[in-house]
Amino acid sequence: MMPVQGQSVVVTGASHGIGRALAARLAAEGARVVVNDLDGEAATQVAREIGAYAVPGDAASEAGVASLVEAARAHLDGIDIWFANAGIDRGHGLDASEEDWAATHDVNVLAHVRAARLLVPEWVERGAGRFVVTASAAGLLTMLGSPTYSVSKHAAVAFAEWLSATYRHRGVVVQAICPQGVKTRMLDNAGGLQDLLSHDAALAPEDVAETVWQALQDNRFLILPHPEVGEYYTNRAGRTDRWLAGMNKLQRRLEEQGALA
């Protein structure tokens, strides 16, 4: 089993949902955890409940990431594992504004890049470190109705792939969590898409955390809380036109149901 006892861990977006479940599980396993979230009150409450340390604030902007890394290093005396979990879904269809595109890209992609810039050089120097991205099944497939989310999550997976290909021989482990529906506020706000996202069962955040915990033991790159996503991903790559035709059929059905209104 991967030893996390005493390991220094940062989890962004950790006040609710998957991030909270990850932070709680790792703290229970003996890790020293920093909980980060824009919601400072919630972050403090979670930290109090699980025995962690709260560093509220922005985990996306260049200054915000630098501040978080500095504060976490000061408290933990270094960072061993970074869970880039914070994410947003803003803007739908071609009507998504420039601001929606920019904000989504900033949080879902550039936050990872900015953190890696500060963390990876130190990990390479000591030959050990782990960077775990919470992407989405949308990053392997697509998310009907939301181009901003789909594109940014594809980019998040692509950046994680690049990190792994570039640094794995230097001791840096990179992993990408790609769930479908999870019982979080994002699913609650998905409107007519809830049924689609829950097609293969909506998991509790704790179920996702358990799958992640198991994946930490074998360092697998793709962490699939919904195993079916692996089959969909294979079909997308091997039979692309057929897969796109099927997705378009689903798009038409959702339009008829008014789920994408």
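Criteria and cut-off values
Residues numbered from 1 in each chain as written. Predicted model: local features only at pLDDT ≥ 70, side-chain atom pairs only at ≥ 80, totals over all residues. Heavy atoms only, no water. Helix = DSSP H or I, 4+ residues; strand = E, 2+ residues; numbered from the N terminus. Rg over C-alpha atoms; globule rule 2.2 N^0.38 Å. Buried < 20%, exposed > 50% of the residue type's maximum accessible area, 1.4 Å probe, protein only. Contact = heavy atoms within 4.5 Å. Areas by Shrake-Rupley, 256 points an atom, 1.4 Å probe, with all protein chains shown as cover. Lys, Arg positive; Asp, Glu negative; His and termini not counted. Charge placed at Lys NZ, Arg CZ, Asp CG, Glu CD. Core = buried A, V, L, I, M, F, W, Y, C linked by side-chain atoms within 4.5 Å. Pairing = 2+ DSSP bridges. Right-handed = clockwise from strand over helix to strand, strands pointing away. Polar contact = N/O pair within 3.5 Å; in protein donor to acceptor, adjacent residues only side chain to side chain.

Caption draft 1: How the structure looks around the overall build of the protein. When helices and strands are counted, the protein shows 10 helices and seven strands. In terms of overall size, the protein behaves like a compact globule, its C-alpha atoms giving a radius of gyration of 18 Å where 261 residues would be expected to give roughly 18 Å. Expressed as a percentage of the 261 residues in the protein, the buried residues total 50%. Residue pairs at least 24 apart in sequence account for 66% of intrachain contacts in the protein once pairs closer than 6 positions are excluded. If you sum the accessible surface of the protein, you get close to 12200 Å²; carbon and sulfur atoms cover 50% of it. Each charge class in the protein was averaged separately, 22 positive and 31 negative side chains, and the resulting centres sit 5 Å apart.

Caption draft 2: Region of interest: the nonpolar core. By size, the foremost hydrophobic cluster in this structure holds 42 residues, and its most contacted members are Val10, Ile79, Trp82, Leu119, Trp123 and Phe131. Per element, the largest residue contribution to this core is seven residues, and it comes from helix α4 (residues 98-126). Among the nonpolar cores identified, the runner-up in size contains 32 residues, and Val33, Val35, Val132 and Trp213 belong to it.

Caption draft 3: Highlighting the pairing of strand β6 (residues 172-177). Extensive coverage of β6 is indicated by the burial of six of its six residues. The two faces of β6 match: Val172, Val174 and Ala176 on one face and Val173, Gln175 and Ile177 on the other face are all buried. Relative to β6, strand β5 (residues 129-134) runs parallel, the two being bridged by six bridges. When the sheet's bridge partners are listed, Val133 is paired in β6 with Ala176. Once you follow β5 into helix α5 (residues 147-167) and on to β6, the crossover reads as right-handed.

Caption draft 4: Main features of the side chain of Ser15. Position of Ser15 among the secondary structure elements: in the loop between β1 (8-11) and α1 (17-28). A distance of 3.0 Å separates a polar side-chain atom of Ser15 from the backbone nitrogen of Ala43.

Caption draft 5: Up close: the environment of Glu29. Note on placement: Glu29 falls in the loop between α1 and β2 (32-35). For the pair formed by Glu29 and Gly127, sequence separation is 98 residues and the distance between their alpha carbons is 23 Å. If near-sequence neighbours (up to four positions away) are discounted, Glu29 is found in contact with Val4, Gln5 and Trp213.

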